[in-house]
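Structural overview for review
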Amino acid sequence: MNEKTVHFSDLGLVNTRELFKKAVTGGYAIPAYNFNNLEQLQAIVVACVETSSPVIIQVSKGARNYANETMLRYMAMGAVNMAREMGADLPICLHLDHGDSFELCKSCIDSGFSSVMIDGSHLPYEENVALTRKVVEYAHERDVTVEGELGVLAGIEDEVVAETSTYTKPEEVEDFVKKTGVDSLAISIGTSHGAYKFKLKEGESVPPLRFDILDEIEKRIPGFPIVLHGASSVVQEYVELINKYGGKMDGAVGVPEEQLRKAAASAVCKINIDSDGRLAVTAKIREYMANDPGEFDPRKYLGAARKELVSLIKHKNEAVLGSAGKA
Ligand code: G3H
Ligand code: 13P
Ligand code: ZN
């Protein structure tokens with residue numbers, strides 16, 4: 001411990017343990033929204049207060065480099081206090097998304113994160129186990145919870161690009177959970193990161209997620225918290241606005257909401273959403289600038305983006321994840 005070390009409880013944050021216990025028994029999922037800047041975090045807080053939803057605010061390695069680790073710590077503390085001043089004592093967890101090394105996880109834990117993901121999914125199985133175990137040992141001594149991953153999602157996860165996905169092997173999950181001591185497990189059942197999740201030919205519809213694999217996993221580790229990454233729906237209204245106002249996003253498509261509802265009602269108790277928020281922000285900024293080309297006050301166009309993000313997040317909490325009213 002050095003003088004820069006802060007424990008998450010001093011920032012008013014919570015780890016995922018209680019959140020997941022309630023979500024698993026209650027048949028809903030805790031939303032995990034990525035953020036990089038002030039407006040995104042304000043929107044998450046406002047939407048979660050207004051829907052009375054517990055929330056995981058998550059930061060990737062890239063976001064941490066972008067925002068600065070010290071700034072982030074105080075932003076998270078600000079989120080907790082802002083919610084309290086709005087009259088809601090929301091459980092807020094600050095989580096590292098896709099941690100790729102022990103050192104990064106340790107640094108986040110030491111700077112006040114209440115939860116970390118160690119993503120060893122690209123490593124050979126035994127190496128994934130060893131790395132995850134090492135992070136769990138450090139984290140649990142400090143009451144920080146840990147998410148591990150088995151199976152590979154297609155798409156981009158920070159600097160790692162996977163062309164194709166490898167589904168989670170149900171026969172590995174029990175051994176992995178037992179050997180590592182993780183608190184939750186991210187799995188691969190057909191989702192992928194980013195705005196181009198499925199390459200569809202004319203007339204084709206989105207293939208369903210592999211709920212059969214999820215069922216197999218649930219049978220082997222009943223009640224264990226499962227995490228779904230790459231779960232943006234890629235809201236078509238935003239894609240259309242982006243294309244209408246000078247953007248170019250051809251063939252952007254995501255996971256249909258009814259599949260996410262089904263997942264949220266199962267052992268999936270954390271659903272990660274980043275791309276939908278990015279689309280909402282980009283669509284509204286493009287629209288604002290096209291309609292008011294003389295405007296140069298960032299508060300105007302960022303304010304419009306933030307307002308849209310609030311409605312998107314409220315909709316997710318209320319109509320997709322089922323987390324509204326569960327704070
Ligand atoms: O899984 C990836 C997240 O959407 C974070 O993306 O690494 O570009 O911040 P990022
Ligand atoms: P999306 O790209 O589908 O929003 O997924 C985000 C994610 O999984 C962050 O870890
Ligand atoms: Zn992810």
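Refer to the structure above for everything that follows.
Below is a short write-up of the structure.

The rules behind these values
- Residues numbered from 1 in each chain as written.
- Chains lettered and ligands numbered in written order.
- Predicted model: local features only at pLDDT ≥ 70, side-chain atom pairs only at ≥ 80, totals over all residues.
- Heavy atoms only, no water.
- Pairing = 2+ DSSP bridges.
- Helix = DSSP H or I, 4+ residues; strand = E, 2+ residues; numbered from the N terminus.
- Axes fitted to C-alpha atoms, helices over the stretch in contact; angles between N-to-C directions.
- Polar contact = N/O pair within 3.5 Å; in protein donor to acceptor, adjacent residues only side chain to side chain.
- Near = heavy atom within 4 Å.
- Areas by Shrake-Rupley, 256 points an atom, 1.4 Å probe, with all protein chains shown as cover.
- Nonpolar A, V, L, I, M, F, W, Y, C, P; charged D, E, K, R; others polar.
- Core = buried A, V, L, I, M, F, W, Y, C linked by side-chain atoms within 4.5 Å.
- Buried < 20%, exposed > 50% of the residue type's maximum accessible area, 1.4 Å probe, protein only.
- Contact = heavy atoms within 4.5 Å.
- Salt bridge = Lys/Arg side-chain N within 4 Å of Asp/Glu carboxyl O.

**Side note on the sheet that holds strand S9 (residues 226–228)**
Spatial ordering of the closed barrel is given by S1-S2-S3-S4-S5-S8-S9-S10, a layout of 8 strands whose pairing is parallel. Adjacent strand axes in the sheet meet at a mean angle of 25° when their direction is disregarded. Judged from the 3 bridges that link them, strand S3 (residues 92–99) and strand S4 (residues 115–118) form a sheet pairing that is parallel. Pairing of Gly 99 across the sheet is with Ile 118, part of S4.

**Considerations on the side chain of His 98**
You can see His 98 is positioned in strand S3. For His 98, the side chain forms a polar contact with the side chain of Asp 119, separated by 2.9 Å.

**Quick word on the site of ligand 2**
Surrounding ligand 2, one finds 16 residues, the nearest of these being Asp 97, Lys 197, Ser 232, Asp 274 and Ser 275. Here an oxygen atom of ligand 2 and a side-chain polar atom of Ser 232 are 2.6 Å apart. Residue Ser 275 places a side-chain N or O atom 2.7 Å away from an oxygen atom belonging to ligand 2. Protein chains shield 96% of the accessible area of ligand 2, which is 310 Å² for the free molecule. Those elements giving two or more residues to the shell around ligand 2 turn out to be S3 and strand S10 (268–273). Among the residues forming the shell around ligand 2, the class breakdown is 2 nonpolar, 11 polar and 3 charged.

**Examining the nonpolar core**
Among the nonpolar cores identified, the biggest contains 96 residues, and Phe 35, Ile 92, Leu 185 and Ile 271 are the most heavily contacted of them. Apart from residues no more than four positions distant in its own chain, Ile 92 is found in contact with Leu 13, Val 14, Val 55, Ile 57, Ala 79, Val 80 and Ala 83. Ile 30, Ala 32, Cys 93 and Cys 269 belong to the second-largest nonpolar core, a separate cluster that totals 9 residues.

**Examining the pattern of salt bridges**
Tallied over the entire structure, the rule returns 23 salt bridges. Lys 284 is paired through a salt bridge with Glu 287; the nearest N and O atoms lie 2.9 Å apart. Note that Lys 284 and Glu 287 are positioned in helix H11 (residues 275–291) at a spacing of 3 residues, about one turn of the helix. Beyond isolated ion pairs, a larger network of salt bridges with shared partners links Arg 17, Asp 143 and Asp 183.

Read these as spatial facts, not as claims about activity.
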